[in-house]
Amino acid sequence: MANEIIKELSLGFPIFFISAMGILLVIFDAITGKNKIINYIFAIAILSITICSAGWILFSQYYNEANNLVIHPISMGMLAYNGYAYIFDVIFGIAALLTIIAAREYNERAEFEYKEFYSLVVLATSGMMMIAHSADLLLMFIGIEFMSITFYVLAGYFRKRVTSVEAALKYFLLGAFASGFLLYGIALIYGATGTLTFQTISQKITAQDYNNLYLILGITLVFIGLSFKIAAFPFHQWAPDVYHGAPTVISGFLSTAGKAAAIFALILIGKNIMFVAIRTLDSNHIITLQNILAVLSAATMLVGNITAIAQNNVKRMLAYSSVAHAGYMLMGIVANTPDGWAGASFYAAVYVFMQIGSFAIVANLEDKDGEYLDFSHYSGLYKTRPFIAAMMVVFLLSLAGIPPFAGFFGKYYIFKTAIDAGYLWLTIVGIVSSLISVYFYLRLLIYIYFREATEQILDTSEPRAAGFTLLISAALTVLLGIFPSYLIELLLYLR
Amino acid sequence: MLITNIPLEFYLVLSAILFVIGAVGVLTRRNAIIIFMSIEIMLNSVNLTFVSFSIYFGDTLGQLFVFFVMAIAAAEAAIGLAIVLALYRLKQTVFVDEVNLLKW
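Since the structure is predicted, the reported quantities are computational estimates derived from the model, not experimental observations.

### Remarks on the overall build of chain A
Piece 1. The helix and strand inventory of chain A stands at 20 helices and zero strands.
Piece 2. Within the span of chain A, comprising 495 residues, buried residues form 67% of the whole.
Piece 3. Relative to all contacts within chain A whose residues are 6 or more apart in sequence, the contacts with residues 24 or more apart total 81%.
Piece 4. Surface exposure of chain A reaches about 16,300 Å², of which carbon and sulfur atoms provide 68%.
Piece 5. For chain A, the centre of its 26 positive side-chain charges and the centre of its 28 negative side-chain charges are spaced 2 Å apart.

### A look at the overall build of chain B
Piece 1. When its secondary structure is counted, chain B shows three helices and zero strands.
Piece 2. Sequence-ordered secondary structure for chain B, helices as α and strands as β, is α-α-α.
Piece 3. Relative to the globule expectation of 13 Å for 104 residues, the C-alpha radius of gyration of chain B, 17 Å, shows a markedly less compact shape.
Piece 4. Here chain B, with 104 residues, has 42% of them falling under the buried criterion.
Piece 5. Long-range contacts, defined as pairs at least 24 residues apart, comprise 53% of the intrachain contacts of chain B with a sequence gap of at least 6.
Piece 6. Carbon and sulfur atoms make up 72% of the accessible area of chain B, which totals about 5,800 Å².
Piece 7. Of the side chains in chain B, 5 bear a positive and 6 a negative charge, and the two mean positions are spaced by 19 Å.

### Quick look at the packing of helix 1 (residues 2–11) of chain A against helix 2 (residues 13–31) of chain A
All names here are of chain A.
Piece 1. Following both chains from N to C, one finds helix 1 and helix 2 inclined at 75°, their axes separated by 5 Å at the closest point. Considering the angle they form, helix 1 stands roughly perpendicular to helix 2. Contacts between helix 1 and helix 2 involve E8, L9, S10 and L11 from the first element and F13, P14 and F16 from the second.

### Re the interface of chain A and chain B
Piece 1. With 44 residues of chain A in contact, the opposing surface of chain B contributes 46 residues.
Piece 2. Roughly 3,800 Å² of surface becomes buried between chain A and chain B when both sides are summed, with 84% attributable to carbon and sulfur atoms.
Piece 3. The largest per-residue losses of area from chain A upon contact with chain B belong to A:F177, A:Y184 and A:Y190, which jointly make up 17% of the total buried on that side.
Piece 4. Our enumeration of links across chain A and chain B arrives at zero salt bridges.
Piece 5. Linking chain A with chain B are two residue pairs in polar contact (both at pLDDT 80 or more).
Piece 6. Taken together, the elements giving at least two residues each to the side of chain A that touches chain B come down to helix 6 (137–155), helix 7 (162–193), helix 10 (238–245) and helix 13 (314–335) of chain A.
Piece 7. Considered class by class, the residues forming the side of chain A that touches chain B number 26 nonpolar, ten polar and eight charged.

### Topic: the packing of helix 2 of chain A against helix 3 (residues 36–59) of chain A
Residue and element names in this part refer to chain A.
Piece 1. Where helix 2 contacts helix 3, the two axes come as close as 9 Å, and the packing angle between them is 175°. Classified by the angle their axes make, helix 2 and helix 3 are roughly antiparallel. Of helix 3, the residues touching helix 2 (which contributes F13, P14, F17, I18, M21, L25, F28 and D29) are I38, N39, F42, A43, I46, L47, I49, T50, S53, A54 and I57.
Piece 2. Among the residues making up the contact of helix 2 with helix 3, the classes are represented as 15 nonpolar, three polar and one charged.

### Quick notes on the confidence of the model for chain B
Piece 1. Scored by pLDDT, chain B comes out at a mean of 88, with 92% of its residues at no less than 70.
Piece 2. Scoring of the predicted complex yields 0.93 for pTM and 0.94 for ipTM.

### Describing the packing of aromatic side chains
Piece 1. As enumerated under the stated definition, the model contains 40 aromatic pairs over all chains in all.
Piece 2. Aromatic pair A:Y106 and A:F158: ring centres 5.9 Å apart, planes at 25°, arrangement stacked. Of this pair, A:Y106 sits in helix 4 (residues 83–109) while A:F158 sits in the loop between helix 6 and helix 7; the two residues are 52 residues apart in sequence, bridging distant segments of the chain. Both residues of the pair, A:Y106 and A:F158, count as buried.
Piece 3. Taken together, the ring pairs connect A:F141, A:Y190, A:Y214, B:F50, B:F53, B:Y56, B:F57 and B:F65 into an aromatic cluster.
Piece 4. Lying over the aromatic face of A:Y84, A:K271 brings its terminal NZ or CZ to 4.6 Å of the ring centre.
Piece 5. Of note, A:R443 hangs over the ring of A:F375, and the distance from its end group to the ring centre comes to 4.5 Å.

### Here's the deal with a nonpolar patch on the surface
Piece 1. Taken together, the side chains of B:V13, B:L14, B:I17, B:L18, B:I21 and B:I41 make up a nonpolar region of the molecular surface, amounting to roughly 490 Å² of accessible area.
Piece 2. Residue B:I21 is classed as partly exposed on the basis of its relative accessible area of 49%.

### Quick look at the pattern of salt bridges
Residue and element names in this part refer to chain A.
Piece 1. By the definition in use, this model includes seven salt bridges over all chains.
Piece 2. Note that R104 is salt-bridged to E108, the shortest N-O span being 3.4 Å. Residue R104 and its partner E108 are both found in helix 4; the two are separated by four residues, about one turn of the helix.
Piece 3. The shortest N-O distance in the salt bridge between K416 and D420 comes to 3.7 Å. Pair noted here: K416 and D420 are both in helix 17 (residues 406–420), with a separation of four residues, about one helical turn.
Piece 4. Residue K416 is classed as partly exposed on the basis of its relative accessible area, which comes to 30%.
Piece 5. In the salt-bridge network here, residues are joined through shared partners; they are E166, K170, D241 and R316.

### A closer look at the environment of A:F346
Residue and element names in this part refer to chain A.
Piece 1. Counting through the fold element by element, F346 comes out in helix 14 (residues 338–365).
Piece 2. The buried category is assigned to F346, whose relative accessible area is 0%.
Piece 3. The spacing of F346 and F409 is 63 residues in sequence and 9.2 Å in space, taken between C-alpha atoms.

### A few points about the environment of A:L491
Piece 1. By secondary structure assignment, the location of A:L491 is in helix 20 (residues 484–494).
Piece 2. Setting aside anything within four residues of it in sequence, one finds A:L491 in contact with A:Y84, A:I87, A:A342, A:S345 and A:F346.

### Some details on the side chain of A:H325
Piece 1. Along the chain, A:H325 falls in helix 13.
Piece 2. In this structure the side chain of A:H325 is engaged in a polar contact, spanning 3.2 Å, whose partner is the side chain of A:Y441.

What counts and what doesn't
Residues numbered from 1 in each chain as written. Chains lettered and ligands numbered in written order. Predicted model: local features only at pLDDT ≥ 70, side-chain atom pairs only at ≥ 80, totals over all residues. Heavy atoms only, no water. Helix = DSSP H or I, 4+ residues; strand = E, 2+ residues; numbered from the N terminus. Buried < 20%, exposed > 50% of the residue type's maximum accessible area, 1.4 Å probe, protein only. Contact = heavy atoms within 4.5 Å. Areas by Shrake-Rupley, 256 points an atom, 1.4 Å probe, with all protein chains shown as cover. Lys, Arg positive; Asp, Glu negative; His and termini not counted. Charge placed at Lys NZ, Arg CZ, Asp CG, Glu CD. Rg over C-alpha atoms; globule rule 2.2 N^0.38 Å. Axes fitted to C-alpha atoms, helices over the stretch in contact; angles between N-to-C directions. Parallel < 35°, antiparallel > 145°, perpendicular 65-115°, else oblique. Buried area = accessible area lost by both parts, 1.4 Å probe. Salt bridge = Lys/Arg side-chain N within 4 Å of Asp/Glu carboxyl O. Polar contact = N/O pair within 3.5 Å; in protein donor to acceptor, adjacent residues only side chain to side chain. Nonpolar A, V, L, I, M, F, W, Y, C, P; charged D, E, K, R; others polar. pLDDT = per-residue confidence, 0-100. Phe/Tyr/Trp six-rings, centres within 6.5 Å; stacked < 30°, edge-to-face > 60°. Lys NZ or Arg CZ within 6 Å of the ring centre and 35° of its normal. Patch = residues over 30% accessible without salt bridge, like charges linked within 9 Å, V, L, I, M, F, W, Y side chains within 5 Å.

Written as structure tokens, this is what we have:
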């Protein structure tokens, strides 16, 4: 017994550690007085240890798929310790780390640096890791709520700025509304199968021991709830407002890590419920549901990209483009094959790095009242701020899907899996919409490189620590673009 | 047991009606506090679903879930009211249609 407890403690070290330390960090906030740098360093240390331990478990193959057949003594079968979970641990950890590194000088400039910022980011990360490790609908729900509730606070972090509070209110009301749908869906899946564990749900569906009506309704409602969280088409209206109003570094965190976490929840539902149901039953209803999802994915890509063309504000343009990228990731869920899940996960990982990088640049160029966000303010940037301009090229080309960068391979792989799964029309829509997206990404580059600075030059200082965020995310974007097979093969091997 | 004399469907229909009342409330009301109360109705109608399924199956999993939902709803209430309060301090209003700075 003692051995098993030690084994589970070491298997679950990343998630146990970050959860415990997140709570400790809140207490620590109260003790350290006015000294903010201690919390900053402490949060960075916590996240680094979490990333390293998850990476170590992943690469030493210390976890074992057979582990999941044993009931673990601490979590009682609620936590899953499989390879996907650790990969997502690393992604979420890196996203939070990059955010915290970039956030300090941004908050200082806005004269709004408080210590709880760092503990909130750490706690949000632990909520995401709960989703990644969930083997159970209950834990998945708690993880999503934990993440969302910390996000509501973070979106309204500049509580003296009306736009930030407005973003928080919209995010809160719509997010809580969506949680209601998600929860109702989970209740109906429980009613259909009489259990909440993914494994048992799959078994019951295979044994045809379930209620069809409740299951279909439940899956539909869960998808509605999660579509809100990833900002997919009919439920995307909140996203631009929230990403525009929230503090810029936080917009980067919400639109990447939060989206990746919700995509992982969709992968869990797709893998454990829909995939099993289609394979065993040829259930027409589920296939209809999948086709509806395909239409939504196509609409998400088109709406996000077409609306982004009309934007003159860089932050809002990135917000709309993040809606479009949710559509690309959704294609992997639509395909619903191991390749599709690997593609969606790969795209989520790539998207995290490129989007956090571009939001960090926007944060760096913003002045202390959150102004200077228009395209015209970026004109002539290559002369005044050559480093930032060069970094922006990497991120924008990657977001547009131009070959040497990771965004290209992510899109290529997802399009390929969608064709393999028989969704050729969806792939064509995807390609068309990504061509549309090239227009507004390149438009910003034209402003940066080919226009003379007309307005007053942005007077913010060169990035200090935020430079590391830019360098790390640019390096990862380029590396994943040149050597995508390492991550893809790992994802395919681990499924 | 008295409760099993009433068929499961009655409870489910009741909670579905409550859920729809909550959802319609969210979509039609403009006062942030009332919208929030409607969301609470939605969550509690789901709790009713969980409890009735739980009794019907004769296991405690659904009732266990309800405790977690209650705790989460409490956390959400704390955060939500704090956000509404921050908004009221800045704009002296709690009506969501008067909060419209962010537009494209």
